[in-house]
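Residues per chain are reported as follows:
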Amino acid sequence: MPTTTPPDRHPDDRTAAEQAAAPAADQARRARRERMLAIVGCLVGAAAVLFSAGSTWVSARVQSGVGEKVVAAPLAVNWSGSSLAPAVTALGLLGLAGTLAIIATRRLGRTVVGILVLLAGIAILVTAGGIAIDPMGAVRGTDEVHAVVPVGEPTITGLSRSAGPWLASFGGLVLAVTGAAVVARARTWPAMSGRYQARVAAPVDAWDAIERGQDPT
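Along each chain, residue indices are assigned from 1 in the same order as the chain's sequence is written. Residue-level local features of this predicted model are given only where pLDDT is at least 70; pairs of side-chain atoms are given and counted only at 80 or more, and the full residue set underlies all totals for whole chains, interfaces and linings. Side-chain calculation: all heavy atoms of the structure are included, whereas hydrogens and water are not.

1. So, the overall build of the protein chain
Part 1: In terms of regular secondary structure, the protein chain is built from eight helices and three strands.
Part 2: Runs of E in the DSSP output that reach at least two residues are strands. Runs of H or I that reach at least four are helices, and both are numbered from the N terminus. Moving toward the C terminus, one meets the helices and strands of the protein chain in the order α-β-β-α-α-α-α-α-β-α-α.
Part 3: Exposure classes here rest on a 1.4 Å probe applied to the protein chains alone. A residue is buried below 20% of its type maximum, exposed above 50%, and partly exposed in between. Residue burial in the protein chain is summarised as follows: out of 217 residues, 30% are buried.
Part 4: Two residues qualify as a contact provided that any one of their heavy atoms is within 4.5 Å of a heavy atom in the partner residue. Residue pairs at least 24 apart in sequence account for 77% of intrachain contacts in the protein chain once pairs closer than 6 positions are excluded.
Part 5: Note on areas: Shrake-Rupley with a 1.4 Å probe; residue coverage comes only from the protein chains shown. Only carbon and sulfur atoms are counted for the fraction: they give 64% of the accessible area of the protein chain, which is about 13300 Å².

Dropping the structure here:
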């Protein structure tokens with residue numbers, strides 16, 4: 001009996017199911033790409049903040065006395081970011097933790113994570129940016145100044161700033177933008193796959209099957 005070969009299907013002759021699945025697949029790819037960008041944003045922002053926090057932000061000379069009443073030679077003092085703004089380091093660690101939280105949490109949880117990362121970024125930006133613009137207020141009450149001038153009014157001269165507070169400000173800005181993006185888009189992102197749970201349960205299911213006299217293979 002002769003057989004006939006079905007004609008090749010034209011690309012435009014897709015079924016309705018295939019046409020409906022194409023936009024969904026594109027949306028899933030876009031969601032995964034957005035989630036990856038958010039993870040990278042948290043990593044970049046947190047890395048900038050934590051790296052800068054360990055470096056010198058401000059340098060100056062500190063001596064006891066004011067004006068003509070100076071009674072000691074000036075001493076060079078350097079202040080790191082963690083010394084001037086210890087909260088910046090903690091907030092940077094919070095941004096770093098956001099990378100894992102974005103992966104592990106689901107819609108509502110990711111929204112909460114996004115809000116926390118957004119607030120942390122704003123706090124870093126305000127704190128580090130304020131020191132970058134005018135560090136004198138932050139420097140004057142530090143332990144380094146009190147160690148040089150334990151009693152009396154200190155004189156601080158030759159004050160200079162490094163790029164450290166500006167780098168931390170940049171990291172805070174990246175975290176703030178990333179957190180805002182997470183809040184706006186996290187509900188459309190996929191959650192962690194459940195296949196890991198299935199792999200854990202497989203040995204138990206196989207053992208139960210053996211006890212019932214069934215072949216698990």
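2. Remarks on the nonpolar core
Part 1: As used in this record, nonpolar core signifies buried Ala, Val, Leu, Ile, Met, Phe, Trp, Tyr and Cys residues forming a set joined through side-chain atoms within 4.5 Å. Among the nonpolar cores identified, the biggest contains 29 residues, and Trp-57, Trp-79 and Ile-102 are the most heavily contacted of them.
Part 2: Elements with a contribution of two residues or more to this core: helix H1 (16-53), strand E1 (56-64), strand E2 (75-80), helix H3 (86-104), helix H4 (107-133) and helix H7 (164-185).

3. Regarding the packing of H3 against H4
Part 1: Contact pair H3 / H4: the axes reach a minimum separation of 9 Å and the direction vectors enclose 155 degrees. What the angle tells us is that H3 and H4 run roughly antiparallel. With respect to the hand of their crossing, H3 and H4 are arranged in left-handed fashion. Of the residues in H4, those in contact with Val-88, Leu-91, Gly-92, Leu-94, Gly-98, Ala-101, Ile-102 and Ile-103 of H3 are Arg-110, Val-113, Leu-116, Val-117, Ala-120, Ala-123, Ile-124 and Thr-127.
Part 2: Gly is put with the polar residues, along with every residue not named as nonpolar or charged; the nonpolar set is Ala, Val, Leu, Ile, Met, Phe, Trp, Tyr, Cys and Pro, and the charged set is Asp, Glu, Lys and Arg. When the residues that make up the contact of H3 with H4 are grouped by side-chain class, the tally is 12 nonpolar, three polar and one charged. Every angle, taken between N-to-C directions, lies between 0 and 180 degrees, and every axis is a line fitted to C-alpha atoms, over only the stretch in contact when it is a helix. Note that the term roughly parallel is reserved for angles under 35 degrees, roughly antiparallel for angles over 145, roughly perpendicular for angles of 65 to 115, and oblique for everything else. Note: crossing handedness is left-handed where the near helix turns anticlockwise from the far helix by less than a right angle, and right-handed where it turns clockwise.

4. Examining the pattern of salt bridges
Part 1: Salt bridge criterion: a side-chain nitrogen from Lys or Arg within 4 Å of a carboxyl oxygen from Asp or Glu. All told, the structure shown has one salt bridge when counted by the stated rule.
Part 2: With a shortest N-O distance of 3.2 Å, Glu-34 and Arg-185 are connected by a salt bridge. On the criterion of sequence distance, the pair formed by Glu-34 in helix H1 and Arg-185 in helix H7 is long-range, its members being 151 residues apart.

5. Details of H4
Given 3.6 residues to a turn, an α-helix orients residues that are three or four positions apart in the same direction.
Part 1: Helix span, expected: 1.5 Å multiplied by one less than the number of residues in the helix. Helix length check: H4, at 27 residues, gives a terminal C-alpha distance of 38 Å against a target of 39 Å (1.5 Å per residue), a fit within 8%.
Part 2: For H4, every residue scored as buried is listed here: Arg-110, Thr-111, Val-113, Gly-114, Val-117, Ala-120, Gly-121, Ile-124, Ala-128, Gly-129, Ile-131 and Ala-132.

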